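# Notes for the structure review
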Amino acid sequence: MFQTLLLLAVPTLVLRLLGALGVARFATWRVCAAHGLAFMLLMTGAAHFAPAPVTAIPNHDDLTAMVPSFVPFPSFTVYATGVLEYLGALGLVLTRFRRPAGFALALMFVLLLPANIHAAVDNIPFHGEPATPLWFRLPEQLVYIAVALFAASGATAGVASKTRATVSTT
């Protein structure tokens, strides 16, 4: 139940430790959170494309079962969201695209709430395990939304500061 949160938290903490040890890129929690979320999205995105025989991670069929009946083309939707997760991860690590990527990911996480609610309420098993309860799924999704917004909110400030510094020194 906590695996996906760990895919976010552990890389974020490790990267922040690297920042504390002098790696300039990871000097702020915001950047580390953006990279941690990117790592999580790379790992979870793999499940969108994993065939049914794969048992090491959730697979495409697990995710397709979560899609509510009102969403057309559930299999395609799972593939599309996997692509969006990969693009979002790329955007988070590229400073120039961090702001739009963070906001787009926050929106995607909001749009995924019905699938999470459906899976919990209808007890849809995930990766052969019982459904994750709603009391956990909703706060978990809110964490991802918050981290995406946190990553996005500081992106322009860093770019603007660098721009001002460049302008003032020329």
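In this convention, every chain numbers its residues from 1, walking through the sequence in written order. Only residues with pLDDT of 70 or above have their local features reported here, since the model is predicted, and side-chain atom pairs are shown and tallied only from 80 upward, although totals for entire chains, interfaces and linings are computed over all residues. Each side-chain value is derived from all of the structure's non-hydrogen atoms; neither hydrogens nor water enter the calculation.

Moving on, we get to the overall build of the protein chain. What counts as a helix is a DSSP run of H or I of at least four residues, what counts as a strand is a run of E of at least two, and both are numbered from the N terminus. For the protein chain, the helix and strand inventory stands at 8 helices and 0 strands. Helices (α) and strands (β) of the protein chain occur, in sequence order from the N terminus, as α-α-α-α-α-α-α-α. On the principal axes, the C-alpha backbone points of the protein chain span a range of 60 × 30 × 30 Å. Think of it in three bands: with a 1.4 Å probe and only protein chains considered, a residue is buried below 20% of the maximum accessible area for its type, exposed above 50%, and partly exposed in between. Looking at the protein chain as a whole, 39% of its 170 residues qualify as buried. What makes two residues a contact is simply this: any of their non-hydrogen atoms within 4.5 Å. Sequence separation of 24 or more characterises 65% of the internal contacts of the protein chain that already satisfy a separation of 6 or more. Accessible areas in this description were obtained via Shrake-Rupley with a 1.4 Å probe; residue shielding takes into account the shown protein chains only. Carbon and sulfur atoms provide 75% of the accessible area of the protein chain, an area that totals close to 9400 Å². Of the charged side chains in the protein chain, 9 are positive and 6 negative; the average position of the first set lies 29 Å away from that of the second. Counting rule applied: Lys, Arg positive; Asp, Glu negative; His and chain ends not counted. Charge placement uses NZ in Lys and CZ in Arg. For Asp and Glu, CG and CD serve respectively.

Below, the discussion takes up the packing of aromatic side chains. Each aromatic ring pair is summarised here by two numbers: the centre-to-centre distance and the angle between the ring planes. A pair of Phe, Tyr and Trp rings is counted when the ring centres sit within 6.5 Å of each other, with Trp represented by its six-membered ring. The angle between the planes then sorts it: under 30 degrees is stacked, over 60 is edge-to-face, the rest tilted. Here the structure, examined in full by the defined rule, presents 5 aromatic pairs. Ring geometry for F2 and F136: centres 4.9 Å apart, planes at 80°, overall edge-to-face. On the criterion of sequence distance, the pair formed by F2 in the segment before α1 (3-20) and F136 in helix α7 (residues 134-153) is long-range, its members being 134 residues apart. Taking the relative accessible area as the measure of exposure, F136 reaches 7% and is therefore buried. Both rings, one in W135 and one in F136, keep their centres 5.9 Å apart while their planes meet at 85°; by these two values the pair is edge-to-face. What links up through ring pairs into an aromatic cluster is the set F2, W135 and F136.

What follows is about a nonpolar patch on the surface. A surface patch of nonpolar side chains, amounting to about 770 Å² of accessible area, comprises F39, L42, M43, F49, Y79, V83, L84, Y86 and L87. Taken together, the elements giving at least two residues each to the nonpolar patch come down to α2 (29-47) and α4 (74-93). Take the nonpolar patch: its biggest share by element is 5 residues, from α4. Along the chain, L42 falls in helix α2. Put simply, a patch holds well-exposed residues, over 30% relative accessible area, that have no salt bridge, with like charges counted together within 9 Å and Val, Leu, Ile, Met, Phe, Trp or Tyr side chains within 5 Å. Salt bridges, as used here, are contacts in which a Lys or Arg side-chain nitrogen is within 4 Å of a carboxyl oxygen on Asp or Glu.

Moving on: the side chain of D62. With respect to the helices and strands, D62 occurs in helix α3 (residues 60-66). In this structure D62 is buried but unpaired, with R137 as the nearest side chain of opposite charge at 10.0 Å. Once you skip the residues sitting within four places of it in the chain, D62 turns out to touch F126 and H127.

So, on to the nonpolar core. Note on terminology: a nonpolar core comprises buried Ala, Val, Leu, Ile, Met, Phe, Trp, Tyr and Cys residues joined through side-chain atoms within 4.5 Å. Core analysis: the biggest nonpolar cluster contains 19 residues, and L37, M40, L41, L92, L105 and F109 have the highest contact counts within it. When residues of this core are traced back to their parent elements, those giving at least two are α2, α4, α5 (98-111) and α7. If we skip the residues at most four places from it in the chain, L37 touches L8, L92, F109, Y144, V147 and A148. If you look at the next biggest cluster of nonpolar residues, it comprises 7 residues, including L63, M66, V67 and A119.

With that settled, the discussion passes to unusual backbone geometry. Residues other than glycine seldom take positive phi values, yet F73 does so here, at roughly 55°. Structurally, the position occupied by F73 is in the loop between α3 and α4. Unlike most non-glycine residues, N123 shows phi in positive territory, near 50°. Among the structural elements, N123 can be located in the loop between α6 (113-121) and α7.

Residue-level confidence of the predictor is what pLDDT reports, using numbers from 0 through 100. For the protein chain, the average pLDDT comes to 90, and 90% of its residues sit at 70 or higher. A low-confidence stretch, residues 163-170 (pLDDT under 50), is modelled with 0 contacts involving residues beyond four sequence positions or located in other chains.

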